[in-house]
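# An overview of the molecular structure
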Amino acid sequence: MLSALRRKLRFGMQRTVLIAVLLAVGLFSYAFLNLKFCFKLMSHRSLNLMCQKFEQQEYSGSLCEELCGAQSTFDNFQCPLNDMKTILFTAEKNGDMYAVKLARHNDDELSWKNTKGESIYPKIEEFHEIVKLHIILAYNVTLDDNMIRALVNQEIADDNSQQMVSFWRLFKDNNYMMGKLFDEESVFPAVLGSCGPYYATEGLEIVQSNPSIMQYLASNRQQRLKHALNIMEYIFRMDEMKPEPLKMCKMQVNRFGTTPERRLKYQSAEHVYVESQLDKRLSRGVKCQSDKDCHFHSCRGMCNEERHACTHIQQNNNFQIFCEHILLGGGTFQPGLLSGVRLTRPMQKVVKMCVQPPKEHQVPGRHQAPNMQLAVRLYNDLKQLYQAAAAAAGNEAGEDGPGPRQIEDQRGD
């Protein structure tokens with residue numbers, strides 16, 4: 001009888017502990033999902049550090065005054081909804097959402113040592129020339145002196161080397177520079193200000209969250225087809241950028257979002273490069289044993305079998321990456337936008353050719369890159385599928401913009 005009582009007490013204690021643990025996990029999950037709580041716990045120190053550096057005159061920039069001033073008009077500070085790796089926190093100003101980010105740290109020193117071992121920093125005019133040369137080499141974009149001054153949008157005190165170093169960190173950050181250099185093309189979130197290595201971009205409303213099995217069982221196929229069409233139109237725009245195309249080495253469905261004007265943009269340009277620079281990166285002679293050793297994320301290189309070195313330019317392109325990672329996805333636990341969509345045999349063949357293009361549909365010199373003709377064919381097939389789904393649902397699938405068929409005609413392909 002005593003042993004039975006002990007077992008009963010032990011069982012009761014185990015049940016109490018289990019309930020307590022589940023309750024604690026539930027409360028923590030709720031608190032973490034509460035974005036304001038998350039901001040106070042994880043991101044508030046970034047804002048405090050930024051303002052502290054600004055007060056010490058180590059940081060400069062228009063965003064410093066806006067966020068740290070006594071009359072700041074920012075409110076509703078929160079953790080980001082979907083991208084805590086890139087965005088530190090979000091905030092609202094006059095109803096507009098701002099996403100505050102931090103430029104990546106780089107080891108490219110701006111100073112040099114004199115004979116006495118003292119660190120010497122460039123003068124402001126020399127700094128402008130350094131930035132100008134960096135943009136030419138990294139982005140194949142030439143800016144005149146007035147544009148360079150505008151890019152360095154906040155005066156840097158001649159004797160304040162720390163401010164100059166923090167600005168240099170910005171200019172070495174690919175995400176920041178892509179937003180600034182291609183602002184007029186509206187393909188990345190617009191940069192709205194900076195404070196030292198911190199900068200703010202416009203917030204985007206993410207169109208499609210992280211894919212999951214349950215999501216695709218319940219989600220609207222018509223909406224997914226429409227999203228696929230919009231992404232394809234975005235890729236056509238990237239392919240026609242000047243002075244040369246932009247290549248996306250990471251393409252995730254949950255990074256595409258829209259502005260309040262419903263303009264589709266990609267949330268992070270961290271892994272986006274101009275074509276010539278990416279080709280140089282992939283063919284710079286790194287030692288390799290297989291083609292995989294020459295890849296950079298989703299951008300594929302090729303290993304020279306005789307030299308065992310990466311000597312080839314990018315072998316695929318944005319459309320191949322789109323078909324493989326956005327349309328098809330990564331299997332059961334990472335479904336693509338076409339998961340669960342019934343495709344005709346001809347369309348299945350087109351999607352397969354997009355992922356592994358046959359010789360007659362390859363871009364010359366890029367054996368895994370589908371050409372424009374195949375991309376346009378895929379777009380038209382997707383559009384017909386979307387229109388059929390809309391008609392079946394009793395909706396009208398209207399025309400959205402010129403479409404790639406006109407793009408093809410304009411290019412003379």
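Residues numbered from 1 in each chain as written. Predicted model: local features only at pLDDT ≥ 70, side-chain atom pairs only at ≥ 80, totals over all residues. Heavy atoms only, no water.

## Things to note about the sheet that holds strand 2 (residues 87-93)
Defined as follows: Pairing between strands is defined by DSSP: at least two bridges between the two strands are required. Strands are runs of DSSP state E lasting at least two residues, helices are runs of H or I lasting at least four, and both sets are numbered from the N terminus onward. In this description, a line fitted to the C-alpha atoms serves as the axis of each element, helices being fitted only across the stretch in contact, and the angle between N-to-C directions of two axes falls anywhere from 0 to 180 degrees. We call two residues in contact whenever any of their non-hydrogen atoms come within 4.5 Å of each other.
The sheet built from five strands is open, its strands ordered 1-2-3-7-6 with antiparallel pairing. Strands with a single pairing partner mark the edges of an open sheet, and in this sheet they are strand 1 (74-78) and strand 6 (191-195). Mean inter-strand twist for the sheet, computed between neighbouring axes without regard to direction, equals 25 degrees. Bridging between strand 6 and strand 7 (residues 198-202) involves four bridges; their strand directions are antiparallel. Each residue of the ladder has a partner; that of Gly-193, found in strand 7, is Ala-200. Each of strand 3 (96-102), strand 6 and strand 7 is contacted by helix 7 (residues 174-181), which is oriented at about 135 degrees to strand 6, the strand it contacts most.

## Overview of the pairing of strand 6
As a reminder, the rule being used: The buried label applies to any residue whose accessible area, calculated with a 1.4 Å probe on protein chains only, is under 20% of its type's maximum; exposed applies above 50%, and partly exposed to all values in between.
The buried count for strand 6 comes to four of five residues, which makes it a mostly enclosed element. What sits between strand 6 and strand 7 in their antiparallel hairpin is a turn of two residues, with Gly-196 showing a positive phi close to 60 degrees.

## Re the confidence of the model for the protein
For the record, the criterion: Looking at any residue, its pLDDT shows the predictor's confidence there, from 0 to 100.
In this model, the protein carries an average pLDDT of 84, and 79% of its residues clear a pLDDT of 70 or more. Within the model, the stretch residues 398-403 combines pLDDT values under 50 with six contacts to residues more than four positions away or in other chains.

## A few points about the side chain of Arg-366
Heads up, the condition is: Nitrogen and oxygen atoms within 3.5 Å of one another constitute a polar contact, given that in protein one can donate a hydrogen and the other can accept it, and given that sequence-neighbouring residues count only through two side-chain atoms.
Its location among the elements puts Arg-366 in strand 16 (residues 366-370). Looking at Arg-366, the relative accessible area reads 10%, which means it is buried. A polar side-chain atom of Arg-366 sits 2.9 Å from a polar atom in the side chain of Asp-279. A distance of 2.9 Å separates a polar side-chain atom of Arg-366 from the backbone oxygen of Gln-314. Sequence-distant contacts of Arg-366, defined by excluding residues within four places in its chain, comprise Glu-275, Asp-279, Ile-313, Gln-314 and Gln-315.

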